[in-house]
Structure formats: C-alpha cells, structure tokens
Amino acid sequence: MIKIRIGKKKEEGSCPKATQDIELNTKNRNAAIKAEHIQYGPLNLSDEDYYVRVAKHWNTSVDVAKKSKCSNCTAFDISPRMLECLPGPVSQPIEDEEGMLGYCWMHRFKCHSARTCYTWAAGGPIDKDSVSYSWQERSEESLSEGWSKGERSKRKNKCDNPKGFTMKQFCKNQKSRSKKGEKKN
Ligand code: SF4
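All values derive from a computational prediction rather than experimental measurement.

A few points about the environment of threonine 119
Here comes step 1: Examined against the element boundaries, threonine 119 turns out to sit in the loop between β4 (109–112) and α6 (129–145).
Here comes step 2: In sequence terms threonine 119 and glutamine 39 are 80 residues apart; their C-alpha atoms lie 8.6 Å from each other.
Here comes step 3: Here threonine 119 is in contact with His37, Ile38 and Met106, once residues within four sequence places are set aside.

Digging into the environment of asparagine 44
Here comes step 1: Along the polypeptide, asparagine 44 turns up in the loop between α2 (22–34) and α3 (48–58).
Here comes step 2: For asparagine 44, a count of 9 C-beta atoms within 10 Å gives the class exposed.
Here comes step 3: Placed 71 residues apart in sequence, asparagine 44 and arginine 115 show a C-alpha to C-alpha distance of 9.3 Å.

Quick word on the pairing of β4
Here comes step 1: Of the two faces of β4, the one holding Phe109 and Cys111 and the one holding Lys110 and His112 are both buried throughout.
Here comes step 2: Examined bridge by bridge, strand β3 (residues 99–104) and β4 share four bridges and lie antiparallel to one another. Each bridged residue has a counterpart across the sheet, and for cysteine 104 the counterpart in β4 is phenylalanine 109.
Here comes step 3: Hairpin connection, β3 to β4: the antiparallel pair is bridged by four residues, and arginine 108 has positive phi, about 60°.

Some points on the confidence of the model for the protein chain
Here comes step 1: Looking at the protein chain as a whole, its pLDDT mean stands at 81, while 70% of the residues score no less than 70.
Here comes step 2: Of the regions scoring below 50 in pLDDT, residues 180–185 engages in eight contacts with residues more than four places distant in sequence or in other chains.

Thoughts on the nonpolar core
Here comes step 1: Phe76, Ile78, Met82, Leu86, Cys104 and Cys111 are the most contacted members of the largest nonpolar core, which has 24 residues in total.
Here comes step 2: Secondary structure elements with two or more residues in this core: α5 (80–85), β3 and β4.
Here comes step 3: Top element by residues in this core is β3. It accounts for four residues.
Here comes step 4: With residues up to four places along the chain from it excluded, the contact list for isoleucine 78 reads Leu83, Met100, Gly102, Pro125, Ile126 and Asp127.

Conventions used here
- Residues numbered from 1 in each chain as written.
- Predicted model: local features only at pLDDT ≥ 70, side-chain atom pairs only at ≥ 80, totals over all residues.
- Helix = DSSP H or I, 4+ residues; strand = E, 2+ residues; numbered from the N terminus.
- Contact = placed C-beta atoms within 7 Å.
- Buried ≥ 20, exposed ≤ 12 C-beta atoms within 10 Å, placed from the backbone.
- Pairing = 2+ DSSP bridges.
- pLDDT = per-residue confidence, 0-100.
- Core = buried A, V, L, I, M, F, W, Y, C linked by C-beta atoms within 7 Å.

Listed below in structure tokens is the structure:
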C-alpha cells in the first residue's frame, strides 16, 4: 500500500538543501549512482547481478550484502524532523511497498531504505533529531570548508544577519575560530 505523508510546516532553512531542491537531489543521486566508489543501487531491486557485484566488492556473500541496506546504514536519516523535510515540494511518496525514503548524509540526496552503496557503514538508521542535527552540523562544516576564498569572504560579510542553517553554521564557526585565534577564512 502506498502512503503519502504530508510534511508539517518546518523552520525555514533547517532542511538539507537537496530535500527541497529536486534538481540538486537528482544531481547528487546520479553522481552517487555513477561514482566508482559509491555505486548506489540497484535501480531495479530484483537485480541480482548488482548484489553479486556488491558482495564481491565487500568480499562477502550475496546474502550478507543484501542485509546491508540504506535502512541500517549509519548515514540514513529518518529522524522525525527529517521526515518533515521529506518529500519536499516535488518528489515521490516517502513510503512504498519496498520501504521508505530517508536522507543520506554521506552523499546528500534522498535515498531509499531498500537500496545500498559501496560506502555503507553499520549503525543506522538515524532516528533521533539530536543525531540528525549533529550530522547536519558536520555536513555544513565540510561544505563550507570547500568554499573558495572569495565565497568565504563574501559570506563573512553577511554574518551580521545570517539567514538559513548553512549561513548560521558558517558564522558560528567563524566566531569560534576567531576566539581560538585561528585564521578566519
Ligand atoms: S551511504 Fe548509506 S544511506 Fe547513503 S546511499 Fe550509501 S548505504 Fe545508503
């Protein structure tokens, strides 16, 4: 049975961008499918060849490979606050016959609980808001580390009135770096 969950009103800027931006989500998902070191899949859940390939990659059996899914991966976020971010403005239902969508913090897209990838790691799912926010904090930090010098400088000038989670996090990090006497950009 297909169920559609209607998201509640959420604080602006609190959801990961890919949950709200279908183009970005598709771009990140396609990158995860193609990347040699990720290989998100299978597209068709009955594709045995995919699991044979994954099992070979992990040096394990097909049965074990099939048990290592997004649903129990450490990066799979189905916390209450994340479910409010899903499905986003244009997306598919988050629950279906095979499982449900959650957010992948490693590769930044809405992944499906029944699929997997080469970077799967035990310990999930994330089902507490506190753990979800902690992943978001680390994710935003690593994104901002990747900004160019010009971009960082442009954003620093907006720290008097930061908007959105990414900017707030960036400005918070700038303050704590400044206190520690570290280089600010
Ligand atoms: S890192 Fe985990 S949650 Fe993300 S796609 Fe891979 S198995 Fe799924």
